[in-house]
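Chains, contacts and geometry: an overview
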Amino acid sequence: MNWQQIKPLLYPGQEIALMVHERPDGDALGSALGLGIMLRAMGYCPTFYRVRPIDPLYSFLPGQNLVKVVGRRNIELPKNGAVIVLDCGDEARCEYFLGKKSPLLNVDHHISNPYFGVLNWVNPTAAATAEVLWQIFHDEGIPLVPDAATCFYMAMLTDTGWFRFQNVGWKTLNAAADMVRQGADLDTIRYHLAESR
């Protein structure tokens, strides 16, 4: 799994549709928003498609302007664009039915994932999909945009029960520390998820 696998299949200014599973959790939302922020910074045109607006609980996350709410039957994917599906344990869980179109990229951490993409960045040992994304950028030496680091950190935080679950190992904590080093806004995350309710 590395960025060089997908880079030849993308071009500057390309439209990229980001999708997640139905009833998305913090990992799905944070991963999609964070990846969208990174793709935009790299010269692509990402759109995060949602059937419904993002849950108000996560409305504080950066990248909300990437979200486009479109009904399941009304979505029209760009003809020359790419589709990236995130945090879907299997294709049937995707919020949108893609028919015979396989997503260019399937990014996930669930052991049940059947590798339904053209390319598959699936790591069942990762605690969250955001950790998979962090590893890809980290290995490639691509620095995180601080807003993306915030989204990825929040995604890992929620999918690990604030780093309490058994899926947390040193690699997860190392990724979280690096996200903080690269500008993840812990104060904002803590306020909205723990101190404002």
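Residues numbered from 1 in each chain as written. Predicted model: local features only at pLDDT ≥ 70, side-chain atom pairs only at ≥ 80, totals over all residues. Heavy atoms only, no water.

Moving on: helix α2 (residues 26-41). Within an α-helix, residues lying three or four positions from one another point in the same direction, as the helix has 3.6 residues per turn. Taking 1.5 Å as the rise per residue, α2 with 16 residues should run 22 Å; its terminal C-alpha atoms sit 22 Å apart, in good agreement. The element α2 is extensively covered by neighbouring structure, given that 14 of its 16 residues are classed as buried. Directly beyond the C-terminal end of α2, a positive phi value near 100 degrees is found at Gly43. (Helix = DSSP H or I, 4+ residues; strand = E, 2+ residues; numbered from the N terminus. Expected span 1.5 Å × (residues − 1). Buried < 20%, exposed > 50% of the residue type's maximum accessible area, 1.4 Å probe, protein only.)

In this section: unusual backbone geometry. Of note, the phi angle at Asp87 is positive, near 65 degrees, even though the residue is not glycine. Topologically, Asp87 is positioned in the loop between β4 (82-86) and β5 (105-108).

Quick look at the sheet that holds β5 now. What the 6 strands build is an open sheet, ordered β3-β2-β1-β4-β5-β6; its pairing is parallel. With partners counted over all chains shown, the strands left at the sheet margins are β3 (67-69) and β6 (119-122), one partner each. On average, each strand axis in the sheet is tilted by 25 degrees relative to the strand beside it, whichever way the strands run. Both β4 and β5 contribute to a ladder of 3 bridges, which runs parallel. Residue pairing in the sheet places Ile84 in a bridge with Leu105 of β5. This element, α2, spans β1 (15-19), β2 (45-50), β3 and β4 of the sheet and lies at about 160 degrees to β2. Contacts from helix α3 (residues 129-140) reach β4, β5 and β6, with the element oriented near 115 degrees to β5. (Pairing = 2+ DSSP bridges. Axes fitted to C-alpha atoms, helices over the stretch in contact; angles between N-to-C directions. Contact = heavy atoms within 4.5 Å.)

Here we take up the packing of aromatic side chains. With the rule as written, the count across this model stands at 4 aromatic pairs. Ring centres of Trp3 and Phe137 lie 6.0 Å apart, and the angle between their planes is 35 degrees; on these two criteria the pair is classed as tilted. Here the residue Trp3 occupies a position in helix α1 (residues 3-6), and Phe137 occupies one in helix α3, the gap between them amounting to 134 residues. Ring centres of Tyr153 and Phe163 lie 5.8 Å apart, and the angle between their planes is 65 degrees; on these two criteria the pair is classed as edge-to-face. (Phe/Tyr/Trp six-rings, centres within 6.5 Å; stacked < 30°, edge-to-face > 60°.)

Let's shift gears to the packing of α2 against helix α4 (residues 146-159). Running from N to C, α2 and α4 point in directions that differ by 165 degrees, and their axes come no closer than 8 Å. Between α2 and α4, the interaxial angle falls into the category roughly antiparallel. In this structure, α2 meets α4 at a crossing whose hand is left-handed. Facing Gly26, Asp27, Gly30, Ser31, Leu33, Gly34, Leu35, Ile37 and Met38 of α2, the residues of α4 in contact are Asp147, Ala148, Cys151, Phe152, Met154, Ala155, Thr158 and Asp159. Split into classes, the residues belonging to the contact of α2 with α4 amount to 9 nonpolar, 5 polar and 3 charged. (Parallel < 35°, antiparallel > 145°, perpendicular 65-115°, else oblique. Left-handed = near helix turned anticlockwise from the far one by under 90°. Nonpolar A, V, L, I, M, F, W, Y, C, P; charged D, E, K, R; others polar.)

Right, let's talk about the nonpolar core for a bit. The biggest cluster of nonpolar side chains holds 54 residues, and the ones touching the most others in it are Trp3, Ile84, Leu86 and Met179. It is α4 that provides the largest number of residues to this core, a total of 9 residues. In this view, Ile84 contacts Ile16, Ala17, Leu18, Met19, Leu35, Leu39, Leu105 and Val107; residues no more than four positions away in its chain are not counted. (Core = buried A, V, L, I, M, F, W, Y, C linked by side-chain atoms within 4.5 Å.)

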